[in-house]
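Chain residues, written in single-letter form:
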Amino acid sequence: MKVVRIFFVTLQLITKTQFTIMITIKNENGVYVASFEGRLDAPAAQKALDELEPLLANADKEIVLDCTNLEYISSPGLRLFLRLRKEVANKGGKISILNINNEVKDVFVLTGFDEFFDFNNG
Amino acid sequence: MRETESASIVKRLEAVICEQWDCDALTDYGSDVTYKYSGVAKRICYFHLLFESLGIKPGDKVAICDKNSSNWAIAMLAVLTYHAVAVPLLPDYSKEQLKMLCEHCDAKFMIASYRLANLWPEGKCPMYMIDIGDLLAMSPSIYTDEVEDKAYALFAKRYPNGFTKEHVHFEAENPDDLMILSYTSGSTGNPKGVMLPWRSLQSNMQFAANALPCEKGMRAFLILPMAHMFGFAFDFLYGVTCGAHLFILTKIPAPKVILEAFATIRPNYFLCVPLVMEKIINAKVIPILKKPVMKVLFKIPGIHQLICRQIRQQLTIALGGNFYEVIMGGAALSKEVERILRMVGFRFTIGYGMTECGPIITYSDWKEHRPGSCGKAALNMEVKVDSPDPMNIPGEIITKGPNMMRGYYKNEEATKSTIDEDGWLHTGDLAVVDKDGFFFIRGRKKNMLLGSNGQNIYPEEAEDQVVSHSIFEECVVVQREGKLVALVYVSDMMLRKLGTTREELDLEAIRRDVNLHLPNYCQLSKMEQRDEEFVKTPKKSIRRFLYK
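What counts as what
Residues numbered from 1 in each chain as written. Chains lettered and ligands numbered in written order. Predicted model: local features only at pLDDT ≥ 70, side-chain atom pairs only at ≥ 80, totals over all residues. Helix = DSSP H or I, 4+ residues; strand = E, 2+ residues; numbered from the N terminus. Rg over C-alpha atoms; globule rule 2.2 N^0.38 Å. Buried ≥ 20, exposed ≤ 12 C-beta atoms within 10 Å, placed from the backbone. Pairing = 2+ DSSP bridges. Axes fitted to C-alpha atoms, helices over the stretch in contact; angles between N-to-C directions. Contact = placed C-beta atoms within 7 Å. Core = buried A, V, L, I, M, F, W, Y, C linked by C-beta atoms within 7 Å. Domains from an automatic or database assignment. Nonpolar A, V, L, I, M, F, W, Y, C, P; charged D, E, K, R; others polar. Parallel < 35°, antiparallel > 145°, perpendicular 65-115°, else oblique. Arc of directions from axis to C-beta.

Some thoughts on the overall build of chain B
Thought 1: A count of helical and extended segments in chain B gives 18 helices and 27 strands.
Thought 2: Taking 548 residues into account, the globule formula puts the C-alpha radius of gyration at 24 Å, and chain B, at 25 Å, falls close to it.
Thought 3: For chain B, the C-alpha atoms occupy an extent of roughly 75 × 50 × 50 Å along the three principal directions.
Thought 4: Across the 548 residues of chain B, 46% fall into the buried class.

With respect to the sheet that holds strand S11 (residues 245-248) of chain B
All names here are of chain B.
Thought 1: As summarised here, the arrangement of the 4 strands in space is S2-S1-S11-S10, forming an open sheet in which the pairing is mixed. A strand with exactly one partner marks an edge of an open sheet, and here the two such strands are strand S2 (34-36) and strand S10 (219-222). Direction aside, neighbouring strands of the sheet carry axes that sit 15° apart on average.
Thought 2: Bridge analysis of S10 against S11 gives 4 bridges, and the strand direction is parallel. Opposite Phe221, over in S11, you have Phe247 as the bridge partner.
Thought 3: Sheet contacts for helix H3 (residues 37-54): strand S1 (24-28) and S2; angle to S2, the most-contacted strand, approximately 80°.
Thought 4: On top of the sheet, helix H8 (residues 229-241) reaches S10 and S11; it is set at about 150° to S10, its chief contact.

Some points on the nonpolar core
Residue and element names in this part refer to chain B.
Thought 1: Counting residues in hydrophobic clusters, the biggest one holds 188 residues, and the most contacted among them are Ile64, Ala73, Ala75 and Leu222.
Thought 2: A per-element tally of this core places H3 first, with 10 residues.
Thought 3: Of the domains in this structure, domain 1 (3-18 + 31-173) and domain 2 (252-445) are the two that each give at least three residues to this core.
Thought 4: Here Ala73 is in contact with Leu26, Met226, Phe236, Val240, Leu246 and Ile248, once residues within four sequence places are set aside.
Thought 5: Ranked by size, the runner-up nonpolar core spans 16 residues in total, among them Cys475, Leu484, Ala486 and Met527.

Some remarks on the domain arrangement of chain B
Residues and elements named next belong to chain B.
Thought 1: In terms of domains, chain B is made up of domain 1 (3-18 + 31-173), domain 2 (252-445) and domain 3 (448-546).
Thought 2: The gap between the C-alpha centroids of domain 2 and domain 3 is 22 Å.
Thought 3: Among the elements of the structure, helix H14 (335-344) and strand S22 (439-444) are those that each provide at least two residues to the side of domain 2 that touches domain 3.
Thought 4: Class assignment of the residues belonging to the side of domain 2 that touches domain 3 gives a composition of 3 nonpolar, 2 polar and 4 charged.

A closer look at the interface of chain A and chain B
Thought 1: The interface of chain A with chain B comprises 19 residues on the first partner and 19 residues on the second.
Thought 2: Breaking the side of chain A that touches chain B down by element, the ones donating at least two residues are helix H1 (42-51), helix H3 (75-91) and helix H4 (102-111) of chain A.
Thought 3: For the side of chain A that touches chain B, the element with the highest residue contribution is H3 of chain A, accounting for 6 residues.
Thought 4: Classifying every residue of the side of chain A that touches chain B gives 10 nonpolar, 5 polar and 4 charged.

Quick notes on the packing of helix H7 (residues 198-211) of chain B against H8 of chain B
Residue and element names in this part refer to chain B.
Thought 1: Where H7 meets H8, the axes come as close as 10 Å, and the angle between the chain directions of the two elements is 80°. The pairing of H7 with H8 is recorded here as roughly perpendicular in orientation. Across the interface between the two elements, Leu201, Asn204, Met205 and Ala208 of H7 pack against Ala233, Phe234, Leu237, Tyr238 and Thr241 of H8.
Thought 2: Its residues placed into classes, the contact of H7 with H8 shows 7 nonpolar, 2 polar and no charged.

Comments concerning the packing of H1 of chain A against H3 of chain A
Residues and elements named next belong to chain A.
Thought 1: For the pair H1 and H3, the least separation of the axes is 7 Å and the interaxial angle reads 25°. The angle between H1 and H3 places the two elements in the roughly parallel class. Between H1, through Ala42, Ala45, Gln46, Ala48 and Leu49, and H3, the contact on the second element is made entirely by Pro76, Gly77 and Leu80.
Thought 2: Class assignment of the residues belonging to the contact of H1 with H3 gives a composition of 6 nonpolar, 2 polar and no charged.

Things to note about the pairing of strand S26 (residues 483-489) of chain B
Residue and element names in this part refer to chain B.
Thought 1: As paired strands, strand S25 (residues 474-480) and S26 are joined by 7 bridges and run antiparallel to one another. Residue pairing for S26: Glu474 is matched across the bridge by Tyr489.
Thought 2: Sheet analysis places S26 next to strand S27 (residues 524-530), joined by 6 bridges and oriented parallel. Opposite Val488, over in S27, you have Gln529 as the bridge partner.

What to know about unusual backbone geometry
Thought 1: Across the junction of Gly358 of chain B and Pro359 of chain B, the peptide omega takes the value 0°, indicating a cis bond.
Thought 2: Tracing the chain through its elements places Pro359 of chain B in the loop between strand S15 (352-353) and strand S16 (360-363).
Thought 3: A positive phi is found at Asn29 of chain A, a non-glycine position, where the angle reads about 55°.
Thought 4: Secondary-structure assignment places Asn29 of chain A in the loop between strand S4 (21-28) and strand S5 (31-40).

Quick word on H14 of chain B
Thought 1: All buried positions along H14 of chain B are accounted for by Val337, Glu338, Ile340, Leu341 and Val344 of chain B. Seen from one end, H14 of chain B has its buried residues packed into an arc of 160°, which puts them on one side.

A look at the sheet that holds strand S12 (residues 270-272) of chain B
Residue and element names in this part refer to chain B.
Thought 1: Overall, parallel pairing links the 3 strands, which are arranged S12-S13-S14 in an open sheet. The strands lining the two open edges of the sheet, one partner per strand, are S12 and strand S14 (348-350). When strand polarity is set aside, the average angle formed by the axes of neighbouring strands in this sheet is 20°.
Thought 2: Judged from the 3 bridges that link them, strand S13 (residues 326-328) and S14 form a sheet pairing that is parallel. Directly across from Ile327, in S14, lies its bridge partner Thr349.

Written as structure tokens, this is what we have:
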């Protein structure tokens with residue numbers, strides 16, 4: 001397993017300094033695995049877009065969004081996932097979501113976006 | 001079942017969603033995304049939870065502003081099933097006009113393109129905005145998260161084991177409640193908000209059920225703007241309450257795109273404005289008819305019928321071959337194109353209506369359609385010509401019935417001048433009616449000109465002849481010092497196609513040729529060429545009042 005790049009995204013909430021999400025991207029035998037840890041809320045999603053640039057650039061490959069430690073997502077976070085999905089669809093890659101918890105899955109179901117992703121449990 | 005439920009559009013939607021749960025509902029033509037009825041239901045549920053979280057109540061106004069798309073349809077269904085008042089706004093309005101209309105209608109929630117995110121200066125947006133592109137909150141903020149948190153919590157509480165078709169439940173609407181606030185685009189002035197109660201659309205749906213096919217899983221191809229009542233009522237609302245699979249064109253309806261779509265979709269019914277059929281006829285049929293050999297063949301007994309049958313078959317196949325009839329409305333059909341369609345025996349008809357009637361006023365099935373007519377009084381509607389001799393002297397079309405609006409929003413004066421004390425709605429259109437009740441429109445009352453000998457002149461008649469018998473694509477006939485002047489426009493594309501320029505056109509020769517097709521009292525004394533197209537309303541009618 002080769003670690004290509006590791007991001008520690010420190011984001012500030014409007015209400016003062018708090019780490020909301022950490023994104024780590026690894027290349028595991030040609031499969032890009034992005035691990036999310038924390039809350040992907042509105043302010044976090046704005047910053048996270050820049051950090052996910054390597055995934056957009058490799059949207060012709062297989063991408064796994066590891067949500068094992070993703071605690072929360074709101075619409076800007078969903079939009080980020082959708083953008084990845086769209087890029088992957090355009091470039092002929094493959095995308096799936098790994099180990100999503102029930103609360104976060106509910107958000108995908110409620111907004112109807114569960115239909116756009118493959119969900120796997122590792 | 002209660003009487004209000006039997007006619008209820010919302011209960012009908014509820015039933016269709018459950019019956020068609022696993023069937024395709026909405027597809028943006030050319031995209032890879034198709035929503036099933038189950039997916040539509042889930043998104044409706046999400047909207048309802050957002051509305052609740054924001055404290056939006058039934059009767060509050062929700063503006064939906066964008067071009068046609070599946071997401072537009074979902075947003076509209078969510079608003080209607082919540083019993084909020086939908087305010088469909090065509091995206092062609094300028095940003096300033098949109099802002100003005102949103103404020104005029106007191107919208108509490110807006111569903112629109114992200115391009116309108118900054119319609120109000122930072123922090124001054126008076127409402128929650130959803131991006132129609134993905135049906136997610138428009139601008140990221142803590143406020144967005146708070147509203148969504150409430151919606152997520154409501155979802156977890158109400159549907160702990162997920163959302164299924166057993167959870168689909170909408171209350172029946174009250175027919176007298178306001179359903180739609182539709183802004184007419186104002187070819188003669190400022191937009192007016194037409195208040196349509198549920199009763200109007202219930203009656204229009206009843207009409208459609210008698211006139212159009214209704215089979216679950218049937219396919220419809222939507223090219224009319226759904227924000228316009230013609231497209232809204234019969235393409236969108238009727239289609240979805242029948243459980244149809246709606247294919248929505250999100251691009252400009254160019255003939256090439258439309259014909260490709262017909263071949264794959266093969267719709268069961270098709271509605272359009274006359275311009276679409278005119279373009280198809282101009283592209284597919286007129287070049288055949290203009291061939292010199294055709295003129296000879298048409299004179300041979302029996303061959304004429306054979307050619308007409310062949311053209312009819314080709315035209316029917318080009319439109320998918322699966323439709324009952326093509327229904328046109330929204331404008332007058334060119335007389336020349338109507339003549340050709342009738343000559344070949346094509347299944348088409350022309351209806352008449354207006355936003356104020358949600359929209360239908362007159363219609364007849366293609367089998368009984370009469371040339372130049374827009375049909376007879378539609379189901380549930382009383383229609384007459386206000387004239388001392390309605391069969392010979394044109395008078396204003398007036399109508400009464402459940403399709404009628406309540407009035408114009410915040411505009412009592414306009415309401416009073418449109419609906420008289422006896423409850424008749426004055427359409428502003430002039431017509432005659434034949435002994436069998438078929439109406440023949442002559443033109444708009446406010447456009448009518450008075451000839452030098454006292455003869456009424458309907459500029460629309462002359463304009464139709466100019467467009468039918470010249471290369472000009474747009475025309476407005478005006479009166480100057482008692483004489484008729486045709487203001488005309490031809491596009492650069494057409495000029496290139498013909499290998500000519502504006503300067504090379506012999507306007508005098510064209511004028512003389514057109515005059516051969518016009519009655520004496522309607523002769524054109526001059527043609528004036530414009531180098532840019534006429535200014536139009538968002539519904540693509542020419543703003544005539546700008547031209548003198």
